[in-house]
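Report on the structure
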Amino acid sequence: MSTEHRETISADELEQALEEYVEKANASPRAQKTLASWTCRVHIEAVDVDDVRFTYIVDNGASQPVIRGLDGIPDLIVRGHSMDLAEIFWGDANPMSNYMQGAIKTQGRADDVMRLDAMAMFIFLGQ
């Protein structure tokens, strides 16, 4: 993970990135088909900005509107620098690269991480 200074994304900007991600996920035929039976509650936390936390719910493959704050008990937790998270949700960065470099950290069951990775890759690849 690079030690260089990264631009910080505000809560509003990260929320916008997440909302765009939800739209793309719901519009992706490949994500819908592959993840049709997946249900998962994801807590997303920016580690560089206080109180920038969101809840993202996938219900039988359909992405629900993003909730500001941490709601309920998560199946999966995703943490990272606000810019790294935003770049993934905007589809500007390869999610696998960010995981491999340690920029994004996950906590939860491996199958939930793999499904979230698959959805992010479909969006990154425009599928």
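Just above sits the structure.
Residues numbered from 1 in each chain as written. Predicted model: local features only at pLDDT ≥ 70, side-chain atom pairs only at ≥ 80, totals over all residues. Heavy atoms only, no water.

A few words on the nonpolar core. If you look at the biggest cluster of nonpolar residues, it comprises 35 residues, and the most contacted ones within it are Leu14, Ile44, Tyr56, Phe89 and Met119. Elements that contribute at least two residues to this core include exactly helix 1 (11–27), strand 1 (40–46), strand 2 (53–59), strand 5 (76–80), helix 3 (82–90) and helix 5 (110–124). Per element, the largest residue contribution to this core is seven residues, and it comes from helix 1. Residue contacts for Tyr56: discarding those within four places in its chain leaves Tyr21, Val22, Ala25, Cys40, Arg41, Val42, Ile44, Ser63, Gln64, Leu116 and Met119. (Core = buried A, V, L, I, M, F, W, Y, C linked by side-chain atoms within 4.5 Å. Buried < 20%, exposed > 50% of the residue type's maximum accessible area, 1.4 Å probe, protein only. Helix = DSSP H or I, 4+ residues; strand = E, 2+ residues; numbered from the N terminus. Contact = heavy atoms within 4.5 Å.)

By the definition in use, this model includes two aromatic pairs. Measuring from centroid to centroid gives 5.8 Å for Tyr21 and Tyr56, while their planes differ by 70 degrees, and the two rings are edge-to-face. Placement of Tyr21 in helix 1 and of Tyr56 in strand 2 is noted, with a sequence separation of 35 residues between them. Grouping residues by exposure puts Tyr21 and Tyr56 together as buried. Note on Tyr21 and Phe89: the rings are 4.9 Å apart at their centroids and 75 degrees apart in plane angle, and the pair reads as edge-to-face. Taken together, the residues Tyr21 in helix 1 and Phe89 in helix 3 connect sequence positions 68 residues apart. For the pair shown, Tyr21 and Phe89 are each scored as buried. Counting every residue linked through ring pairs, the aromatic cluster contains Tyr21, Tyr56 and Phe89. (Phe/Tyr/Trp six-rings, centres within 6.5 Å; stacked < 30°, edge-to-face > 60°.)

In this section: the packing of helix 1 against helix 5. At a minimum axis distance of 10 Å, the contact between helix 1 and helix 5 shows a crossing angle of 90 degrees. As far as their axial angle goes, helix 5 and helix 1 are roughly perpendicular. Taking contact as the criterion, the partners of Tyr21, Lys24 and Ala25 in helix 1 are, on helix 5, Leu116, Met119, Ala120 and Ile123. Of the residues in the contact of helix 1 with helix 5, the class split is six nonpolar, no polar and one charged. (Axes fitted to C-alpha atoms, helices over the stretch in contact; angles between N-to-C directions. Parallel < 35°, antiparallel > 145°, perpendicular 65-115°, else oblique. Nonpolar A, V, L, I, M, F, W, Y, C, P; charged D, E, K, R; others polar.)

Read these as layout, nothing more, since geometry by itself doesn't imply function.
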